[in-house]
Amino acid sequence: MQIAVITIPFIYFLFFVRRSGFEYINLNTNILIIGLILQISFFMTRTSLCGLTIEEISDLAGHGRINIAHSISISNSVYKKKINDISQFPRIPKMLKEQLTEIAFAGIFDPVASEKSSDGTVKYLFRNEDGLEYETVYLPEKKRITVCVSTQSGCRMGCPFCLTGRYGFHGNLEARDMVNQVISLPGAERITHVVFMGMGEPIDNLDNVLKACRIITSEWGLAVSPRNVTVSTVGITDGVKRFLDESNCNLTLSLHSPFAEERKKIIPAENRNPSRAIIEIMKNSPVLKKRRMSIAYVMISGVNDSESHLEELKSILTGTRIRINLLPYHPVPGDVNISSPAEKMQYYKHELIMSGISASVRKSRGVDISAACGLLASGLK
Ligand code: SF4
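Residues numbered from 1 in each chain as written. Predicted model: local features only at pLDDT ≥ 70, side-chain atom pairs only at ≥ 80, totals over all residues.

A. View of the overall build of the protein. Each helix and strand counted, the protein has 13 helices and 14 strands in total. Counting only residues that meet the buried cut, the protein has 41% of its 381 residues in that class. Expressed as a percentage of contacts within the protein between residues at least 6 apart in sequence, the contacts between residues at least 24 apart total 65%. (Helix = DSSP H or I, 4+ residues; strand = E, 2+ residues; numbered from the N terminus. Buried ≥ 20, exposed ≤ 12 C-beta atoms within 10 Å, placed from the backbone. Contact = placed C-beta atoms within 7 Å.)

So this is what it looks like as structure tokens:
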């Protein structure tokens, strides 16, 4: 029906053009154009199964008309078995497969390019059907495999130390684009952890991020434990509250300075969303959910690694269950800043732990392929 709505007026238009004397548009050209329109319409009007919740799958053929057992088979085929051809879906009747093919497609699509680091990290470039480009990082370690997902093409937060911020904002990604970044990767079945720390500010695209988190953590979805899923934010106060209310996943706040005036220069979002208020919200989040709360602190030599920074961090975090992860700084082109030395980072860690604060020093991964923190979008224009 929708195909007809798009195609029939176009056919009338082509005949009108011919009758008006534009004979250079010959019949063959007409047929080619109609074929193309039919093909485009066919894909445009069908729904991607990847990105749907179990309720949405059940409602695909009309309110609740696909029963729960078949809906689970369909979601398992997409999210767990990664089958991209509906006719190959197991455990659903042939008639339902045919009906489904008319209204939906699996929606799993491959990255368009990849680059491998000497440390095993792989960076993938995706281009979705709207033409938005974004990067995903696959981080294999001995006991875990993490995938770092983008939530936007670019970012509008404008943090000066970040290449994604410099790339500018190109658009929000749908939940299906985020889930696809996990299930379409080679070795996807071995992924144990998902972090929303790629391109974009997740809380600035919260509806889609919450939906992606639900699909990734649900039994009918990818079934990754919420304790292994982390969303990272520079802090947007209302969104953080909503995220903590509506999700069981972990949250990490990119702090980078405990002093508001200094942080405003590194993270402009501080102007409207004071980090102190966000840390209060994190402190007061119900313990019941057992999620992990953490602070990311990129250490820049001579900028945010002084004794006064250390003392302020202690005073903010002592007595909370918020962990702090200390990260090396990766300079972007034209930047005069460098990372704090490893000894300084270890000293910070020691001092924080001695004050009863859980702290760790994180290693850089994928620096040689610009896959590390702040370096994504380096090759995009
Ligand atoms: Fe956006 Fe995060 Fe980069 Fe800031 S650091 S510009 S929030 S992607």
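B. Examining the sheet that holds strand S11 (residues 250-254) more closely. Strand order in the open sheet formed by ten strands is S3-S4-S5-S6-S9-S10-S11-S12-S13-S14, with mixed pairing between adjacent strands. In this open sheet, the two strands that pair with only one neighbour each are strand S3 (113-116) and strand S14 (359-361). Within the sheet, the average angular offset between the axes of one strand and its neighbour, ignoring direction, is 20°. The sheet contact formed by strand S13 (residues 323-328) and S14 spans three bridges and is parallel. Bridge pairing links Leu326 to Val361 in S14. The sheet strands contacting helix H11 (residues 275-283) are S11 and strand S12 (293-299), and the helix crosses S11 at an angle near 160°. The sheet strands contacting helix H13 (residues 342-354) are S12, S13 and S14, and the helix crosses S14 at an angle near 165°. (Pairing = 2+ DSSP bridges. Axes fitted to C-alpha atoms, helices over the stretch in contact; angles between N-to-C directions.)

C. Molecular detail of the environment of Ser71. With respect to the helices and strands, Ser71 occurs in helix H4 (residues 68-80). According to the C-beta neighbour criterion, Ser71 is buried, with 22 such atoms within 10 Å. In this structure the C-alpha to C-alpha distance between Ser71 and Asp59, which are twelve residues apart in sequence, comes to 9.2 Å. In this structure Ser71 touches Ile54, Ile57, Ser58 and Ile66, once residues within four positions along its chain are discounted.

D. Seen up close, the pairing of S3. The pairing of S3 with strand S4 (residues 122-127) spans four bridges and is classified as antiparallel. Across the sheet, residue Ser114 finds its bridge partner in S4, namely Tyr124. The hairpin turn running from S3 into S4, its antiparallel successor, is five residues long, and Gly120 in that turn takes a positive phi close to 95°.

E. Quick peek at H11. Regarding H11, the residues found buried are Ser275, Ile278, Ile279 and Met282. Seen end-on, H11 carries its buried residues on one side only, within an arc spanning 100°. Turning to H11, the residues buried within the fold contact helix H9 (237-246), S11, helix H10 (260-266), S12 and helix H12 (307-317). (Arc of directions from axis to C-beta.)

F. How the structure looks around the packing of helix H7 (residues 175-183) against helix H8 (residues 206-217). Running from amino to carboxyl end, H7 crosses H8 at an angle of 40°, the nearest separation of the two axes being 8 Å. Relative to H8, the element H7 is oriented oblique. The handedness of the crossing between H7 and H8 is right-handed. Along the contact surface, H7 presents Ala175, Met178, Val179 and Val182, while H8 presents Asn208, Lys211, Ala212, Ile215 and Ile216. Tallied by class, the residues present in the contact of H7 with H8 amount to seven nonpolar, one polar and one charged. (Parallel < 35°, antiparallel > 145°, perpendicular 65-115°, else oblique. Left-handed = near helix turned anticlockwise from the far one by under 90°. Nonpolar A, V, L, I, M, F, W, Y, C, P; charged D, E, K, R; others polar.)

G. Seen up close, H13. Compared with an ideal rise of 1.5 Å per residue, which puts 13 residues at 18 Å, H13 spans 18 Å between its outermost C-alpha atoms and is within 8% of the ideal. Looking at H13, one finds that the buried residues are Met345, Tyr348 and Leu352. Looking straight down H13, one finds its buried side chains confined to an arc of 60°; they lie on one side. Along H13, the residues that are exposed and aim more than 90 degrees away from the buried face are Ala342, Glu343, Gln346, His350 and Met354. (Expected span 1.5 Å × (residues − 1).)

H. Region of the structure containing the pairing of strand S5 (residues 133-140). Extensive coverage of S5 is indicated by the burial of seven of its eight residues. Two strands pair when backbone bridges link them, and S4 and S5 are joined in this way by six bridges, in the antiparallel orientation. By the bridge assignment for S5, Phe126 is matched with Tyr134. Between S4 and S5, which pair antiparallel and follow one another directly, the connecting turn spans five residues, one of which, Gly131, has a positive phi of 85°. Relative to strand S6 (residues 145-148), S5 runs antiparallel, the two being bridged by four bridges. Bridge pairing links Tyr138 to Val147 in S6. Linking S5 to S6, which pair antiparallel, is a turn of four residues.

I. Up close: the environment of Glu102. Along the polypeptide, Glu102 turns up in helix H5 (residues 94-103). Along the primary structure Glu102 and Arg46 are separated by 56 residues, whereas in three dimensions their C-alpha atoms are 7.2 Å apart.

Everything listed here is a matter of coordinates, which is why it stays silent on function.
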